[in-house]
Amino acid sequence: MLRDLVAGAAHDAATRREHRGYAEVEAAAVARTPALDPLDALAPADRVKIIAEIKRASPSRGPLADIADPAALAVSYQNGGASAISVLTDARNFGGSLADLELVRDSVSLPLLRKDFISEPYQVLEARAAGADLVLLIVAALDQTTLAELYTLTTDFGMNALLETHSADEIDRALQIGAGIIGVNARNLNTFELDQDLFASLADHIPSGVIRVAESAVKSAEDVAHYRRAGADVVLVGEALVTGDPVLTLAGFLAV
């Protein structure tokens, strides 16, 4: 499944590149207002922090929400106390777009994460050109050389990266390139099965000074509290926010 998702995203990026070349996107990335630093926004605190996600669909659940106005949803997340916003830009399986990211960037002042299946430099430049401050790099999807190259390009353009992991070995690989934000995804991207206890089993592998993000398997405030007790500084939440009242749901999550 992960291999197919990455290949599909790369194919779509190649199609976009035919209409908007590397040099043009690079120029747009350079011209963008400098990226926000997400480290302060996501740094460990006396309460859990939330990355609130704009997510229309998923391969495992299908359509989740129409989200006709992603900017309005982002504003509600910001007003509700989210520390950052994740925008899914994959169109094939998640119904997102870079246009969503641009609309959100124009509407909020929080750090923005481009969440996609990034495997090549062009996609990193697209992220910055659209206003992203963070990009998602999935360790399992990339060999170590490519991972390091994409991470370096990300930081060269003033952004940061959320390194997504699923094992102790992947955490070690993320640390080798200097990752300051490491996520543990409870969803196995090869099988799409969930293991909510995966974060707890891996949290001690993430050293002090590196921001710990728990991803997936969040349906209730108790799920957020579960991750918080296991050592999460930040919890990334998508489905639970877009399938219910986002303001009330977010308030409940932040109260744990």
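Rules used throughout
Residues numbered from 1 in each chain as written. Predicted model: local features only at pLDDT ≥ 70, side-chain atom pairs only at ≥ 80, totals over all residues. Heavy atoms only, no water. Buried < 20%, exposed > 50% of the residue type's maximum accessible area, 1.4 Å probe, protein only. Helix = DSSP H or I, 4+ residues; strand = E, 2+ residues; numbered from the N terminus. Pairing = 2+ DSSP bridges. Phe/Tyr/Trp six-rings, centres within 6.5 Å; stacked < 30°, edge-to-face > 60°. Polar contact = N/O pair within 3.5 Å; in protein donor to acceptor, adjacent residues only side chain to side chain. Contact = heavy atoms within 4.5 Å. Axes fitted to C-alpha atoms, helices over the stretch in contact; angles between N-to-C directions. Salt bridge = Lys/Arg side-chain N within 4 Å of Asp/Glu carboxyl O.

Draft legend 1. Molecular detail of the pairing of strand β1 (residues 49–54). Counting buried positions along β1 gives 6 out of 6 residues, so the element sits mostly inside the fold. Across 4 bridges, β1 lies against strand β10 (residues 234–237) in parallel orientation. Bridging across to β10, Ala52 finds its partner in Val237.

Draft legend 2. Spotlight on the packing of aromatic side chains. Counted by the stated rule, this structure contains 3 aromatic pairs. Here Tyr22 and Tyr122 contribute two aromatic rings whose centre-to-centre distance is 6.5 Å and whose plane-to-plane angle is 40°, an arrangement assigned as tilted. Of this pair, Tyr22 sits in helix α2 (residues 22–31) while Tyr122 sits in helix α7 (residues 121–129), and the two are 100 residues apart along the sequence. Judged by relative accessible area, Tyr122 falls into the buried class, the value being 1%.

Draft legend 3. Representation of the side chain of Lys115 within the structure. By secondary structure assignment, the location of Lys115 is in strand β5 (residues 112–115). We classify Lys115 as buried; its relative accessible area is 14%. There is a polar contact of 3.1 Å between the side chain of Lys115 and the side chain of Glu53. If near-sequence neighbours (up to four positions away) are discounted, Lys115 is found in contact with Glu53, Ser86, Val87, Leu88, Thr89, Asp90, Leu136 and Leu236.

Draft legend 4. Spatial organisation of the sheet that holds strand β8 (residues 181–185). Spatial strand order, β1-β4-β5-β6-β7-β8-β9-β10: 8 strands in a closed barrel with parallel pairing. Pairwise comparison of adjacent strand axes, ignoring direction, gives a mean angle of 25° for this sheet. Summarising the sheet, strand β9 (residues 211–215) and β10 pair through 3 bridges and their orientation is parallel. Counted as the bridge partner of Glu215 is Leu236 from β10.

Draft legend 5. Just the pattern of salt bridges, in detail. Tallied over the entire structure, the rule returns 11 salt bridges. Arg16 is paired through a salt bridge with Glu126; the nearest N and O atoms lie 2.6 Å apart. With Arg16 in helix α1 (residues 2–19) and Glu126 in helix α7, this pair connects stretches of sequence that are 110 residues apart. The class for Arg16 is partly exposed, based on a relative accessible area of 29%. The residue Glu222 makes a salt bridge to Arg229 at a minimum N-O spacing of 2.6 Å. The partly exposed category is assigned to Glu222, whose relative accessible area is 45%.

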